[in-house]
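# Close look at the chain arrangement
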Amino acid sequence: MAFYPLQIAGLVLGFLGMVGTLTTTLLPQWRVSAFIGSNIIVFERVWEGLWMNCVRQAKDKLQCKAYDSLLALPPALEASRALMCVAVALSVIALLVGICGMKKIRCTGSNRRAKAYLVGISGVLFILTGIFVLIPVCWMANTIIRDFYNPAVHVGQKRELGASLFVGWATTAVLIVGGALLCGFCCCNRKRPRHRYLAPGRHVPHARNPRPTVTVLSRTSTSYV
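Residues numbered from 1 in each chain as written. Predicted model: local features only at pLDDT ≥ 70, side-chain atom pairs only at ≥ 80, totals over all residues. Heavy atoms only, no water.

## A word on the sheet that holds strand S2 (residues 44-48)
Reading across from one edge, S4-S3-S2-S1-S5 is the order of the 5 strands in this open sheet, with antiparallel pairing throughout. For this open sheet the edge positions go to strand S4 (63-66) and strand S5 (159-161), each flanked by a neighbour on one side alone. Here the average twist between neighbouring strands, direction ignored, is 25 degrees. Pairing geometry for S2 and strand S3 (residues 52-57), over 5 bridges, is antiparallel. Within the sheet, the bridge partner assigned to Trp 47 lies in S3 and is Cys 54. Sitting on the sheet, helix H3 (residues 112-148) touches strand S1 (31-33) and S5, and the angle it makes with S5 is about 140 degrees. (Pairing = 2+ DSSP bridges. Helix = DSSP H or I, 4+ residues; strand = E, 2+ residues; numbered from the N terminus. Axes fitted to C-alpha atoms, helices over the stretch in contact; angles between N-to-C directions. Contact = heavy atoms within 4.5 Å.)

The structure is reproduced here in structure tokens:
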């Protein structure tokens, strides 16, 4: 395949996007404590993630605690959990489908058209994964910024954007670019002219000029008595 490097680049970016999706889901640094105004206590930092809260003091180790109850979580946090879990599952499926569409993999035989379709499906799944990652990340960032500038929220309850959000934005870009490369690979292979090759042992007779049909009129001898 002439566009094989395009497929490799798309799969590499898809793999990096899958790792970034898993990292964004597991890291607890979605919301971090903000030090503003009179809140200048820098001996303790609070991290809030999708699955746990972590507290780190000046001379103590990092202490993390998972959320006790699933039903007690805010609706936004529950929705973000669900979307990120779907994103992780989609990224794994997309990577497996893309690997099945590689040139050296024989799970689909030697049908190049079927392999191109598998690569295209993988690209679409990677793009969907990027969208699923982007939604909760932007949603959480909007909530943090809104509460930060809300005067009704106490200073000690205000949070800043954590590192997980920035990892999520970078992961979204990588996933969309990788998916676009794989979709482009599929489109380029579909537009290539396909040549038909005969199976070994079969020969198609060459068309020959038909010989003109000559009608011979035989003269019958008639005898007159």
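## Topic: helix H1 (residues 4-26)
For H1, spanning 23 residues, the distance from its first C-alpha to its last is 33 Å, which sits close to the expected 33 Å at 1.5 Å a residue. Of all the positions in H1, only Gln 7, Gly 10, Leu 11, Gly 14, Gly 17, Met 18, Gly 20, Thr 21, Thr 24 and Thr 25 are classed as buried. (Expected span 1.5 Å × (residues − 1). Buried < 20%, exposed > 50% of the residue type's maximum accessible area, 1.4 Å probe, protein only.)

## Looking at the state of the cysteines
Cysteine pairs can be covalently joined through their sulfur atoms, and such a bond is termed a disulfide. The final tally for this structure, using the stated rule, is 1 disulfide. A sulfur-sulfur separation of 2.0 Å characterises the disulfide bridge that pairs Cys 54 with Cys 64. In this structure, the disulfide formed by Cys 54 and Cys 64 twists by about 110 degrees around the S-S bond and is classed as right-handed. Taken together, the residues span a long stretch of sequence, with Cys 54 in strand S3 and Cys 64 in strand S4 at a distance of 10 residues. (Disulfide = S-S within 2.5 Å.)

## Here we look at the layout of surface pockets
Looking at the second largest pocket, its volume works out to about 220 Å³. Forming the walls of the second largest pocket are Arg 31, Glu 48, Gly 49, Asn 53, Tyr 67, Pro 74, Ala 76, Leu 77, Met 140 and Thr 143. Looking at side-chain class alone, the lining of the second largest pocket contains 5 nonpolar, 3 polar and 2 charged residues. (1 Å grid on protein atoms, 1.4 Å probe; cavity = no way out; pocket = protein on both sides within 12 Å on 5 of 7 lines; lining within 4 Å. Points joined across faces, edges and corners; volume = space filled by probe spheres on them. Nonpolar A, V, L, I, M, F, W, Y, C, P; charged D, E, K, R; others polar.)

Keep in mind that these numbers describe shape and distance, not what the molecule does.
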